[in-house]
Amino acid sequence: MFRKRSKYLSRKSLSITTILGVVVMLLLFSSCGGRKKVMGAAINNRDSLPVMATYKVTTLISDSGVTRYRVNTDEWLMYDKKIPSYWAFEKGIYLEQFDSLLNVDASIKADTAYYYDREKLWKLIGHVDIKNLKGERFNTELLYWNQATQKVYSDKFIRIEQPDRIITGHGFDSNQQMTNYVIHNMEGIFYVDEQADSTKTDSVK
């Protein structure tokens, strides 16, 4: 088992201060054929290797000295030589966003996530589940969160569960707190009270 680690990171200095170590492995394979010695080529495809691999992570991330996010994940890989560079959370991620008073503004879960650090763009894939401060719940299979523009958006099917109704549609845009949003192609609105009354009526019959 891997030991759980906690780190306090600043996004502005992340590429400099949070790299715990770079493991560079040079494998030389040799074989003998008579007197001739053949050396295998060194591994030089550096961009295919993560600069950091961390497991069982609980991390607080700050912005301008203020704690803004908490990340929980089983695996966190950083690829600094990829174009574009990104962080990979391929074993799932749970993320909370805080306001200036450390109240949770929103929480996000996804099966897989990628964070493009230079663009400050999150790509969340598979069983994306979001809860906002108003108690609304969002479910989709693909979601983008642009921290630079403070916008959240998707062009996939979206299900929004509100206290009194459920809204479904394809494609939506929102602020990053998920409190002000627009559904582009609405498919239906299902009121909770109406569903309960319908169920009750059917059972009487």
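Quick caveat: nothing in here was measured; it's all calculated off a predicted structure.

**A closer look at the nonpolar core**
Judged by nonpolar contacts, the single largest core of 31 residues is most densely connected at Phe89, Trp122, Leu124 and Phe172. Counting residues in hydrophobic clusters, the runner-up holds seven residues, among them Tyr79, Ala88, Tyr116 and Leu121.

**So, a nonpolar patch on the surface**
Taken together, Met186, Ile189 and Tyr191 make up a surface patch of nonpolar side chains, about 260 Å² in accessible area. Its place among the elements puts Tyr191 in strand E14 (residues 181-191). On the accessibility criterion, Tyr191 (34% relative accessible area) is partly exposed.

**Quick notes on the side chain of Ser85**
Tracing the backbone through its elements, the reader meets Ser85 in the loop between strand E5 (66-79) and strand E6 (86-89). Given the relative accessible area of 3%, Ser85 is considered buried. Among the polar contacts made by the side chain of Ser85, one reaches the side chain of Asp117 at a distance of 2.8 Å. In this structure, Ser85 is in contact with Tyr79, Asp80, Tyr115, Tyr116, Asp117 and Arg118, ignoring residues within four places of it in sequence.

**Description of the pattern of salt bridges**
Enumeration over the complete set of coordinates arrives at five salt bridges. The salt bridge partner of Arg70 is Glu96, with a shortest N-O separation of 2.5 Å. With Arg70 in strand E5 and Glu96 in strand E7 (residues 93-98), this pair connects stretches of sequence that are 26 residues apart. Judged by relative accessible area, which is 31%, Arg70 ranks as partly exposed.

**Here we look at the packing of aromatic side chains**
Enumeration according to the criterion identifies 13 aromatic pairs in this entry. Summarising the aromatic geometry, the rings of Tyr86 and Tyr114 are spaced 5.8 Å apart at their centres and angled 75° between planes, so their arrangement reads as edge-to-face. Of the two residues, Tyr86 sits in strand E6 while Tyr114 sits in strand E9 (residues 112-116), which places them 28 residues apart along the sequence. We note that Tyr86, like Tyr114, is buried. Taken together, a centroid distance of 5.9 Å and an interplanar angle of 55° make the contact between Tyr86 and Tyr116 tilted.

**Notes on the confidence of the model for the protein**
Of the residues in the protein, 71% reach a pLDDT of 70 or more, and the chain-wide mean stands at 76. In this model, residues 1-43 is a region of pLDDT below 50 whose contacts with residues beyond four sequence positions or in other chains number 65 contacts. In this model, residues 195-205 is a region of pLDDT below 50 whose contacts with residues beyond four sequence positions or in other chains number one contact.

**Focus: the pairing of E6**
Here E6 shows a buried face lined by Tyr86 and Ala88 and a second buried face lined by Trp87 and Phe89. With three bridges connecting them, E5 and E6 associate as antiparallel partners. Looking across to E6, one finds that Leu77 is bridged to Ala88. Adjacent in sequence and paired antiparallel, E5 and E6 are bridged by six residues. Summarising the sheet, E6 and E9 pair through three bridges and their orientation is antiparallel. The partner of Trp87 across the bridge, within E9, is Tyr115.

**Regarding the environment of Leu124**
Counting through the fold element by element, Leu124 comes out in strand E10 (residues 121-132). When the C-alpha positions of Leu124 and Leu142 are compared, they lie 5.7 Å apart, and in sequence the two are 18 residues distant. Those residues in contact with Leu124 that lie beyond four places of it in its chain are Ile108, Ala110, Thr112, Ala113, Glu141, Leu142 and Leu143.

**As for the pairing of E10**
Bridge count between strand E8 (residues 104-110) and E10: four bridges; the pairing is antiparallel. Following the sheet pairing, Ser107 is matched in E10 by Lys131. For E9 and E10, the ladder comprises five bridges, and the chain directions are antiparallel. The partner of Ala113 across the bridge, within E10, is Leu124. As consecutive antiparallel partners, E9 and E10 are separated by four residues, and within that stretch Lys120 has a phi angle of approximately 55°, a positive value. In terms of strand pairing, E10 meets strand E11 (residues 137-146) through nine bridges, oriented antiparallel. Paired with Val128 across the strands is Thr140, a residue of E11. Hairpin connection from E10 to E11: four residues lie between these consecutive antiparallel strands, with Gly135 at a positive phi of about 85°.

The rules behind these values
Residues numbered from 1 in each chain as written. Predicted model: local features only at pLDDT ≥ 70, side-chain atom pairs only at ≥ 80, totals over all residues. Heavy atoms only, no water. Core = buried A, V, L, I, M, F, W, Y, C linked by side-chain atoms within 4.5 Å. Buried < 20%, exposed > 50% of the residue type's maximum accessible area, 1.4 Å probe, protein only. Patch = residues over 30% accessible without salt bridge, like charges linked within 9 Å, V, L, I, M, F, W, Y side chains within 5 Å. Areas by Shrake-Rupley, 256 points an atom, 1.4 Å probe, with all protein chains shown as cover. Salt bridge = Lys/Arg side-chain N within 4 Å of Asp/Glu carboxyl O. Helix = DSSP H or I, 4+ residues; strand = E, 2+ residues; numbered from the N terminus. Polar contact = N/O pair within 3.5 Å; in protein donor to acceptor, adjacent residues only side chain to side chain. Contact = heavy atoms within 4.5 Å. Phe/Tyr/Trp six-rings, centres within 6.5 Å; stacked < 30°, edge-to-face > 60°. pLDDT = per-residue confidence, 0-100. Pairing = 2+ DSSP bridges.

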